[in-house]
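# Descriptive analysis of the structure
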Amino acid sequence: MSFTFPSTDSTSSQAFKGNKKEDKEETPGSACFVVGRSIFSQTNKSLVRNRASREETKVDAAPVPVFGGLSFSTPLLETPWRNVTWTKEAKEALMDMVKSYKPPKSNLLESRVLLLGPVGAGKSSFISSVQSVFSGRVLNRAMVGSSTSTSFTKKLQSFKISAGCDSTTALVLCDLMGFGEGEASGLTLHDALSVIQGHVPEGHQFSPEQPVKSETPGFINKPRLEEKVHCVVFVVDASKLKNYPKGLSTTFRNLREHISNMGVHQVALLTHVDEVCKETAQDVTCVYKSPIIQQLMATAGTLLGMAVSYIVPVRNYSSQLQLDESCDILLLNAVDHILQYVNLYFQDSLSTYRPLAL
């Protein structure tokens, strides 16, 4: 099993061996190619080294007993490990917060958030679920596929969130194809970084055989702040954590390192929590009392190389036709969590240009 990354010529490979300062002086597209080569070689070495043992290619995780697609029922914790207010008033307060949100920079109208993750993790479903909460009914505006090996989303799409009365919030959720299996089924890391840097135009159709470069139609050579991504959200599936290949962890960690070097903060969503815990499937307010989900949150942190405090569980709308207040609150808490790190991005960028007080 392998992930798709663009190859580079020997010149780019040598350039990567230089210091970070030299890497930043590359042209907009070339730096991404260097990154893609580095991650590709490290991931492949890891997979080849572990090929003799199938178990070693999986992320190390404590076993979770599964039966019929759901984990066995386990006693819930008496005290939740995170506190959430599950009331109508809390939901309304969260919705008002998102509706009234404005980027800290006065000349910026929108904050752009990019969702990244494996194929079938629930990126498009999360976007549709958030839109559903603010629309008052279940929607599927972000087209959702059912394949777990081939990405349904093929192009960069930006979705605004309705604020009612024909207006939208300042939050824009960006969707694009997931990391897939095989040579032609997934997003390359080069293209992912190009999107974050703001070089990729809206609606660009991704293809591993045609990586984004300066000759790409619509390529944005000098992206403005409003064209860049202000926060990255990684999305992983709780029901597949123990089956993800070990190479995916290497991919995430390398990707996170380069995104961090851009000054972009990252958080994560753990989706499909209702598929790993019977109690949560029956009552989503049990999510933070579930020892199974608590354990899987730690496993997700190991996979992504980030602290559990950056990760929040969500239950997307998939087969439901009616909204559920508790599901809405969990989704809105995730949006609130994301916006906190969007604001950190702007605070960091503002502090860069803020003169020192004398």
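Residues numbered from 1 in each chain as written. Predicted model: local features only at pLDDT ≥ 70, side-chain atom pairs only at ≥ 80, totals over all residues. Heavy atoms only, no water.

## What about the packing of helix 7 (residues 246-261) against helix 9 (residues 291-304)?
- It is the contact of helix 7 with helix 9, at a shortest axis distance of 7 Å, that shows an interaxial angle of 65 degrees. Put simply, helix 7 runs roughly perpendicular to helix 9. Facing L248, S249, F252, R253 and R256 of helix 7, the residues of helix 9 in contact are T302, L303 and L304.
- For the contact of helix 7 with helix 9, the residue count by class is four nonpolar, two polar and two charged. (Axes fitted to C-alpha atoms, helices over the stretch in contact; angles between N-to-C directions. Helix = DSSP H or I, 4+ residues; strand = E, 2+ residues; numbered from the N terminus. Parallel < 35°, antiparallel > 145°, perpendicular 65-115°, else oblique. Contact = heavy atoms within 4.5 Å. Nonpolar A, V, L, I, M, F, W, Y, C, P; charged D, E, K, R; others polar.)

## Let's talk about the sheet that holds strand 8 (residues 311-313)
- Sheet architecture is open: six strands sit in the order 4-5-3-6-7-8, paired in mixed fashion. The open sheet has two edge strands with one neighbour each: strand 4 (157-164) and strand 8. Sheet twist, expressed as the mean angle between neighbouring strand axes with direction ignored, is 25 degrees.
- Sheet analysis places strand 6 (residues 231-237) next to strand 7 (residues 265-271), joined by seven bridges and oriented parallel. (Pairing = 2+ DSSP bridges.)

## Considerations on the packing of helix 6 (residues 189-197) against helix 7
- Orientation of helix 6 relative to helix 7, taken along the N-to-C sense of each, is 30 degrees, at an axis distance of 11 Å. Relative to helix 7, the element helix 6 is oriented roughly parallel. Between helix 6 and helix 7 lies a crossing of right-handed hand. On helix 7, the residues that touch L189, L193 and I196 of helix 6 are T251, L255, H258 and I259.
- Of the residues contributing to the contact of helix 6 with helix 7, the split by class is five nonpolar, two polar and no charged. (Left-handed = near helix turned anticlockwise from the far one by under 90°.)

## A short note on helix 7
- With 16 residues, helix 7 should reach 22 Å at 1.5 Å per residue; the first-to-last C-alpha distance of 24 Å fits that figure.
- Just past helix 7, the residue G263 takes up positive phi, approximately 85 degrees. (Expected span 1.5 Å × (residues − 1).)

## Comments concerning the side chain of S249
- Relative to the helices and strands, S249 is located in helix 7.
- Note on S249: relative accessible area 12%, which makes it buried. (Buried < 20%, exposed > 50% of the residue type's maximum accessible area, 1.4 Å probe, protein only.)

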